[in-house]
Each structure stands twice: as C-alpha cells, then as structure tokens.
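# A closer look at the structure
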Amino acid sequence: LRSSRDPPLIERTLVTIDSMSTLTSCVARAVVAPKAAAKRSAAAKKAAKPSPALPAGAFAAASLAATPAAFAATEAISQTADGVGVAVGGAVVVAGAAGLLIAADPNKRREDMMSETGGDEAASVRNYFDTEGFNRWKKIYGETDEVNKVQLDIREGHQQTVDKILDWTAGIDMTGKTVCDAGCGTGSLAIPLALRGASVSASDISSAMVGEAEVRYNEQVKAGAKAPAVAPKFEALGLEECSGKYDVVTCIDVMIHYPTDRVNGMIDHLASLSDDKLIISFAPKTLAYSILKRIGELFPGPSKATRAYLHAEEDVESALNAAGFKVTRREMTATSFYFSRLLECQRV
C-alpha cells in the first residue's frame, strides 16, 4: 500500500507499538501522500486484490485488531483532507488483543492517577516523573543501551532540538548570562549551557529528574569539564513557581503536559521571567499528528500514563505576541516518533 518512488511528495510517519508484551510484532505504518502518489500505487493495490468485503479504511483496520477504537482511528486517517491519500498497513495482532487494549485504556489509567491527587493534574505529573516515569525518561535521556527503538528515536529527536538551541546560542558569549531552564528534565540543555559559562537556574516539577540533572552535571565536572564561575542551581519547582529575571528563559518539551486552557498562562509567566530571549518547544497540533497521537494511545506502554497535549502553532505565537515577544527563528524536529516545533523569541 506504500509508494515511495517520489520522496518529495511523501510525508511518512511510522507508528509502532511500545511495550505491549501480548502483541506479536504489531507495527502500523501511516503514509500521507498527495493524490498523484496514491494514483501511482492504485495499480499495485488492485493487483493485490484484497477481500472485496474490506474497503480501504477497513482493510487497514483489520490489521490493527479491528477493535472499535482502532477502526475509528483508521477511518479518521482515511478521511484526512481533500487531495490527500492515506494508506495504513500493519501486522496481525494476537487473538484477544481487543480486550487487552480496553484493559490498558490510557484514559482510565490517567483518571486513576488523577484520583490519587484529588484531581490535581500537576501533582499527577509530578508523581509520575518521580516514580515510574523517572525510570523511563532517565533511560531515554541517558546513554544506556537499554532502550527500545522507539525510545532511541525519541532520545535522538530530543537531542536534535537541544543541539539546535546550542547552535542558535553558539555565537553568543554565555559567560555570566543568566538562564532559566524551566522543566530541565535530566539537564540535557541546562548542563551544556552552564559549561559554556552561563549562570543557570534549572528546575523541574520532579525532584527525581532535577536530582538526576545535578548528578550528571557533577559527573561531567569531575570528568574534566570546566565549571562555570557560578555553579548552576538545581531546584524541584513547578513551572509556575519559577521566579526572578533572566537574560534567557528556555522551556523545552514541557508544553505537552499542559492543556490548552493553561498554555496561555504558562507562556505569559515564562515571558515575565525573561528580559531578552525566550526559547520554547511544543508538539504542534496538526491533523496528521493528532491522528497519530490517537493511534499511539490505543497501544499504551505500561509507563506512558500522563496526558499529552498538542498545541496549534498560531495559538502559541499569539500568546507570545500578547506577552510582548515576537518569534525570530523557528525550527521543526520530526523523527519517526518525536515531533517538536522550536521557537526562538525576542522581547519587543
């Protein structure tokens, strides 16, 4: 079902199943192509002669265990937009997978997590990243080989985003520059900025994550990296708790944990901390990414339990403008499983 003879016409997104031990090598591939590319593959599809009882959308759904949710997601893909053809293919899952998908419903697990914190989503996120989530993301943002292909791809995508920021700031003498890295995780951005001489305040809602960041910083200094004049400060703080004034404020891959109704306030708060630059990244809300996110939710790994929110770029930019910043540079990082829009903003 896939045409790859004309790469410029094809946007490919690979969707795989992470950590479902009861699935037998289940892989779904979504390929979005203009009608022209779809027509070129029509002859091959006709020759394959799939069962007449399975039209285009249903043929793909059958490969995805044919659960009602999976079928609905496939139908949504098959109707993405006028002028766009979509083909979805996958390996057959083991019998009984439909029931297991219901048992592993991500919304139910998230609701259970929320109930433990009295409905406080921020506390739910904190608990996740202090426990099971910490073990997962420590590996993803580390150097261990104990990661699967999906996790490795996310690691590489995140590092690409970090490298772009480091490239953007390469021509700036960071010595003495004050930087607030809000949502620092394990320090993938905060540490290199500190080692360039910046005075870094690194914070994360998870004490486990920010503690790991401090450990990694100290290990690099012990290994011979030149320590800055002012040692970085690592604190367990929620984003809204960050305070002070800084030359540069960064917030990378954090907005995915913020619902739409809280994003404007989050951006406004980050902007209030910056005297000069604001650098943020987020998962962009497009039709294709929204569909892929929904498919991914049908096959949750055991440690993926927080909500994930996509945000329309125009909405994010409008909030930045309202907060007194204009976008001066933008980049998109897109690997098979990691999608992040990066914006560099300047105070007007």
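As the structure is a computational prediction, the values presented were derived from the model and not from experiment.

### Side note on the overall build of the protein
Each helix and strand counted, the protein has 14 helices and 10 strands in total. Each of the 348 residues in the protein was classed as buried or not, and the buried ones make up 47%. Long-range pairs, those at least 24 residues apart, make up 69% of the contacts in the protein with a sequence separation of at least 6. As presented, the protein carries roughly 16600 Å² of accessible surface, and 53% of it is formed by carbon and sulfur atoms.

### As for the packing of aromatic side chains
According to the stated counting rule, one finds two aromatic pairs in the structure shown. Taken together, a centroid distance of 5.4 Å and an interplanar angle of 45° make the contact between tryptophan 137 and tyrosine 141 tilted. Each ring, one from tyrosine 217 and one from phenylalanine 234, has its centre 6.1 Å from the other, and the planes form 45°; the classification is tilted. With tyrosine 217 in helix α11 (residues 207-222) and phenylalanine 234 in strand β6 (residues 233-236), this residue pair connects regions lying 17 residues apart in the sequence. Judged by relative accessible area, which is 13%, phenylalanine 234 ranks as buried. We note arginine 136 situated over the ring of tryptophan 137; from NZ or CZ to the ring centre the distance is 5.4 Å.

### Re the environment of leucine 342
Among the structural elements, leucine 342 can be located in strand β10 (residues 339-347). Each C-alpha atom, one on leucine 342 and one on isoleucine 280, is 5.9 Å from the other, the two residues being 62 residues apart in sequence. Ignoring any residue separated from it by four or fewer positions in sequence, one finds leucine 342 in contact with Thr161, Lys164, Ile165, Trp168, Ile252, Ile279, Ile280, Ser281, Arg329, Arg330 and Glu331.

### Focus: unusual backbone geometry
With a phi angle near 55°, aspartate 253 is a residue other than glycine that sits in the positive phi range. Along the chain, aspartate 253 falls in the loop between β7 (246-251) and α12 (260-273).

### Concerning the sheet that holds strand β5 (residues 199-204)
The strand order across the open sheet built from seven strands is β6-β5-β4-β7-β8-β10-β9, with neighbouring strands paired in mixed fashion. Because the sheet does not close on itself, it has two edges, and the strands there are β6 and β9 (325-334). The average undirected angle you get between the axes of adjacent strands in this sheet is 15°. Pairing of strand β4 (residues 178-182) with β7, which is carried by three bridges, proceeds in the parallel orientation. Bridge pairing in β7 links valine 179 to valine 248.

### Digging into the packing of helix α8 (residues 132-140) against helix α9 (residues 149-168)
α9 packs onto α8 with a crossing angle of 65° between their chain directions and a minimal axis gap of 9 Å. Contacts from Arg136, Trp137, Lys139 and Ile140 of α8 reach α9 at Gln151, Ile154 and Arg155. The residue inventory of the contact of α8 with α9, partitioned by class, reads three nonpolar, one polar and three charged.

### Let's talk about the pairing of β9
Relative to β10, β9 runs antiparallel, the two being bridged by nine bridges. Opposite arginine 330, over in β10, you have leucine 343 as the bridge partner. From the end of β9 to the start of β10, which pair antiparallel, there are four residues.

### A word on the state of the cysteines
Summed over the entire model, instances satisfying the criterion amount to zero disulfides. Looking at the unpaired cysteine 184, the closest cysteine sulfur is the one in cysteine 242, lying at 9.2 Å. Classification of cysteine 184 by relative accessible area gives buried; the value is 5%.

### Description of the confidence of the model for the protein
Averaged over all residues, the pLDDT of the protein equals 73, while 61% of them reach at least 70. Scored below 50 in pLDDT, residues 1-40 shows 96 contacts in the model against residues more than four places distant or in partner chains. With pLDDT under 50 throughout, residues 43-104 is counted as low confidence; its partners more than four residues away or in other chains account for 84 contacts.

### Observations concerning the pattern of salt bridges
All chains considered together, the criterion is met by nine salt bridges. The partner of arginine 262 in a salt bridge is glutamate 240, and the shortest N-O contact between them spans 2.5 Å. Taken together, the positions of arginine 262 in helix α12 and glutamate 240 in the loop between β6 and β7 put the pair 22 residues apart, joining distant regions of the chain. Linking glutamate 313 and arginine 330 is a salt bridge whose minimum nitrogen-to-oxygen distance equals 2.6 Å. Of this pair, glutamate 313 sits in helix α14 (residues 313-322) while arginine 330 sits in strand β9; the two residues are 17 residues apart in sequence, bridging distant segments of the chain. Classification of glutamate 313 by relative accessible area gives buried; the value is 18%. Among the charged side chains, a network of salt bridges with common partners joins Glu313, Glu317, Arg330 and Arg341.

### What to know about the nonpolar core
Formed by 27 residues in total, the largest nonpolar core has its most connected members in Leu270, Leu278, Ile280 and Leu320. Residue assignment for this core shows that the elements contributing at least two residues are β4, β7, α12, β8 (274-282), α14, β9 and β10. The greatest single-element share of this core, amounting to six residues, is contributed by α12. When sequence neighbours within four positions are dropped, the list of residues in contact with isoleucine 280 reads Cys251, Ile252, Met255, Leu270, Val316, Leu320, Arg341, Leu342 and Leu343. If you look at the next biggest cluster of nonpolar residues, it comprises 23 residues, including Ile165, Met174, Leu189 and Val210.

What counts, and at which threshold
- Residues numbered from 1 in each chain as written.
- Predicted model: local features only at pLDDT ≥ 70, side-chain atom pairs only at ≥ 80, totals over all residues.
- Heavy atoms only, no water.
- Helix = DSSP H or I, 4+ residues; strand = E, 2+ residues; numbered from the N terminus.
- Buried < 20%, exposed > 50% of the residue type's maximum accessible area, 1.4 Å probe, protein only.
- Contact = heavy atoms within 4.5 Å.
- Areas by Shrake-Rupley, 256 points an atom, 1.4 Å probe, with all protein chains shown as cover.
- Phe/Tyr/Trp six-rings, centres within 6.5 Å; stacked < 30°, edge-to-face > 60°.
- Lys NZ or Arg CZ within 6 Å of the ring centre and 35° of its normal.
- Pairing = 2+ DSSP bridges.
- Axes fitted to C-alpha atoms, helices over the stretch in contact; angles between N-to-C directions.
- Nonpolar A, V, L, I, M, F, W, Y, C, P; charged D, E, K, R; others polar.
- Disulfide = S-S within 2.5 Å.
- pLDDT = per-residue confidence, 0-100.
- Salt bridge = Lys/Arg side-chain N within 4 Å of Asp/Glu carboxyl O.
- Core = buried A, V, L, I, M, F, W, Y, C linked by side-chain atoms within 4.5 Å.

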